[in-house]
Amino acid sequence: MLMGTAERRRAPEDGGAAESTARSVPEAPDRDIPAAGPDATARMRTERSEGREAREESAYRPLWTEEPARRRRLPDPVRTAAVRAVLVVAVTLILAMVAFLCTMAGSWLAFPMMIGSVAGTVVATWGVLDVWVTRQVWNQRHGVVSMPSSTARAMRRERRRARRQARSAERGQERIRRRGGAGRLSHS
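This one's a predicted model, so the numbers in the text were calculated from it and none came from an experiment. (Residues numbered from 1 in each chain as written. Predicted model: local features only at pLDDT ≥ 70, side-chain atom pairs only at ≥ 80, totals over all residues. Heavy atoms only, no water.)

Q: Got a sec to walk through the layout of surface pockets? Specific residues and values, please.
A: Size it by volume and the second largest pocket reaches roughly 230 Å³. Considering only residue class, the lining of the second largest pocket consists of 3 nonpolar, 1 polar and 4 charged. (1 Å grid on protein atoms, 1.4 Å probe; cavity = no way out; pocket = protein on both sides within 12 Å on 5 of 7 lines; lining within 4 Å. Points joined across faces, edges and corners; volume = space filled by probe spheres on them. Nonpolar A, V, L, I, M, F, W, Y, C, P; charged D, E, K, R; others polar.)

Q: An account of a nonpolar patch on the surface is needed here, citing residue identities and associated values.
A: A cluster of nonpolar side chains, contributed by Met97, Phe100, Leu101 and Met104, occupies part of the molecular surface with about 460 Å² of accessible area. Within the element layout of this structure, Met104 appears in helix H2 (residues 76-105). (Patch = residues over 30% accessible without salt bridge, like charges linked within 9 Å, V, L, I, M, F, W, Y side chains within 5 Å. Areas by Shrake-Rupley, 256 points an atom, 1.4 Å probe, with all protein chains shown as cover. Salt bridge = Lys/Arg side-chain N within 4 Å of Asp/Glu carboxyl O. Helix = DSSP H or I, 4+ residues; strand = E, 2+ residues; numbered from the N terminus.)

Q: Tell me about the packing of helix H3 (residues 110-142) against helix H4 (residues 151-178), residues and numbers included.
A: Following both chains from N to C, one finds H3 and H4 inclined at 30°, their axes separated by 5 Å at the closest point. Compared by their axis directions, H3 and H4 come out roughly parallel. Mapping the contact onto sequence places Gln140, Arg141 and His142 in H3 and Thr151, Ala152, Met155 and Arg156 in H4. Counted by class, the contact of H3 with H4 contains 2 nonpolar, 3 polar and 2 charged residues. (Axes fitted to C-alpha atoms, helices over the stretch in contact; angles between N-to-C directions. Parallel < 35°, antiparallel > 145°, perpendicular 65-115°, else oblique. Contact = heavy atoms within 4.5 Å.)

Q: Break down the side chain of Asp130 for me, with residues and values.
A: Within the secondary structure layout, Asp130 lies in helix H3. Look past the residues within four positions of Asp130 in its chain and what remains in contact with it is Ala81 and Arg84.

Q: Summarise the side chain of Ser117; cite the residues concerned and give the values.
A: For Ser117, the position within the fold is in helix H3. Judged by relative accessible area, Ser117 falls into the buried class, the value being 7%. Those residues in contact with Ser117 that lie beyond four places of it in its chain are Thr92, Leu95 and Ala96. (Buried < 20%, exposed > 50% of the residue type's maximum accessible area, 1.4 Å probe, protein only.)

Q: Go over H2, please, and point to the residues and values.
A: For H2, spanning 30 residues, the distance from its first C-alpha to its last is 44 Å, which sits close to the expected 44 Å at 1.5 Å a residue. Every buried residue belonging to H2 is among Val78, Ala81, Ala85, Thr92, Ala99 and Cys102, and all of these are buried. Where H2 is buried, its residues contact H3. Positioned one or two residues after H2, Gly106 has a phi angle of 75°, which is positive. (Expected span 1.5 Å × (residues − 1).)

Q: Can you tell me about the packing of H2 against H3, naming the residues and giving the values?
A: Running from N to C, H2 and H3 cross one another at 160°; their axes reach a closest spacing of 8 Å. In terms of axis orientation, H2 runs roughly antiparallel to H3. With respect to the hand of their crossing, H2 and H3 are arranged in left-handed fashion. The residue makeup of the contact of H2 with H3, split by class, is 21 nonpolar, 8 polar and 3 charged. (Left-handed = near helix turned anticlockwise from the far one by under 90°.)

That is the geometry; function is a separate question.
Structure follows, in structure tokens:
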């Protein structure tokens, strides 16, 4: 329980739990709240009781609260490429650090580690470019990029056209069924 600055604690004589007593000291009103007679006192009492309820509620609040994501999650292929790139870059940095330390120590491992870190740099560059290319390809296929060459736009156009044709064919079949088969060329 939170108390003001006028709090005193004393231990009971029987060795039990500590008991706290507090004097009620009238609190100074905030600078931006004008103090007015009895209304101000009633408002302060209400605020104190609300504050006490809020403290009691806060004692039972969960460890974390779910918040909506600020950005959308990366698509799976892009995320996979990004994880792969991060791992390759991490291994390359470790190789470079080991090569530097081996060079400083004069070890025979310095040259092989140097070759490995150069090769790792090439692979890490490829990994980062792979993330960029994968992201561009995914956007081109699944999201409409505001460019005239976007294949996503053409694919959506084709899907709309196919749906329209399917609906018109279904309406035609429904018309034939309603007529009871009239209009068929053969009655076999």
